[in-house]
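# Remarks on the overall topology
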Amino acid sequence: MDKQESPSSLSLHDAAQRLASGLISVHDAEMMLASAIEHGTLPANIKRWSTEQWEGRQLPGNLNRRETFIERQDLETWQKTTT
């Protein structure tokens, strides 16, 4: 897959940046999203790191935060169910 999945999707990292605020860091938002993906409550096109490839802080399931993509509509639906 290309680095950018589609205009209607966001990387896990970009989605986390949208969720980050003064109360929650980007990494904490990445952790929340990764957990939701791993538990099946947030659909995503997943790419995982091999342990020897790891870059940065580890996310649940070894999700690659820059190459795991979430559809904007799925993110909005998930946000409505979690707030």
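From a predicted model like this one, the values you see are computed outputs, not experimental measurements.

## Some points on the environment of glutamine 79
- Topologically, glutamine 79 is positioned in helix α3 (residues 72–82).
- Sequence spacing of glutamine 79 and leucine 19 is 60 residues, and the spatial spacing of their C-alpha atoms is 9.2 Å.

## Things to note about helix α2 (residues 26–38)
- Its 13 residues place the ends of α2 18 Å apart at the C-alpha level, agreeing with the 18 Å of an ideal helix rising 1.5 Å per residue.
- Within α2, burial applies to His27, Ala29, Glu30, Leu33, Ala34, Ala36 and Ile37.
- Along its buried surface, α2 packs onto α1 (12–19), β2 (69–71) and α3.

## Examining the pattern of salt bridges
- Inspection of every chain in the model, using the stated rule, returns three salt bridges.
- Ionic pairing is found between glutamate 30 and arginine 65, a salt bridge with its closest N-O pair at 3.6 Å. Placement of glutamate 30 in helix α2 and of arginine 65 in the loop between α2 and β2 is noted, with a sequence separation of 35 residues between them.
- A relative accessible area of 3% places glutamate 30 in the buried class.
- With relative accessibility at 16%, the residue arginine 65 sits in the buried group.
- Salt-bridge contacts for glutamate 67 lead to lysine 47; the nearest nitrogen and oxygen are separated by 3.1 Å. Here glutamate 67, found in the loop between α2 and β2, pairs with lysine 47, found in the loop between α2 and β2; they are 20 residues apart in sequence, far enough to count as distant.

## Re the nonpolar core
- Counting 17 residues, the largest nonpolar core has Leu12, Leu33, Leu42, Ile70, Leu75 and Trp78 as the members making the most contacts within it.
- At the level of secondary structure, the elements contributing two or more residues to this core comprise α1, α2 and α3.
- Element by element, the count of residues in this core is highest for α2, at five residues.
- Leaving out residues up to four positions away in the same chain, isoleucine 70 has contacts with Ser8, Ser9, Leu10, Leu12, Ala15, Leu33, Ile37, Leu42, Pro43, Ala44 and Leu75.

## Digging into the packing of α1 against α2
- Where α1 meets α2, the closest approach of the two axes is 8 Å, and the angle between their N-to-C directions is 120°. One finds that α1 runs oblique with respect to α2. Handedness of the α1/α2 crossing: right-handed. Along its contact with α1, which presents Leu12, His13, Ala15, Ala16, Gln17 and Leu19, the element α2 presents Val26, Ala29, Glu30, Leu33, Ala34 and Ile37.
- The residue inventory of the contact of α1 with α2, partitioned by class, reads nine nonpolar, two polar and one charged.

Definitions and limits used
- Residues numbered from 1 in each chain as written.
- Predicted model: local features only at pLDDT ≥ 70, side-chain atom pairs only at ≥ 80, totals over all residues.
- Heavy atoms only, no water.
- Helix = DSSP H or I, 4+ residues; strand = E, 2+ residues; numbered from the N terminus.
- Expected span 1.5 Å × (residues − 1).
- Buried < 20%, exposed > 50% of the residue type's maximum accessible area, 1.4 Å probe, protein only.
- Contact = heavy atoms within 4.5 Å.
- Salt bridge = Lys/Arg side-chain N within 4 Å of Asp/Glu carboxyl O.
- Core = buried A, V, L, I, M, F, W, Y, C linked by side-chain atoms within 4.5 Å.
- Axes fitted to C-alpha atoms, helices over the stretch in contact; angles between N-to-C directions.
- Parallel < 35°, antiparallel > 145°, perpendicular 65-115°, else oblique.
- Left-handed = near helix turned anticlockwise from the far one by under 90°.
- Nonpolar A, V, L, I, M, F, W, Y, C, P; charged D, E, K, R; others polar.

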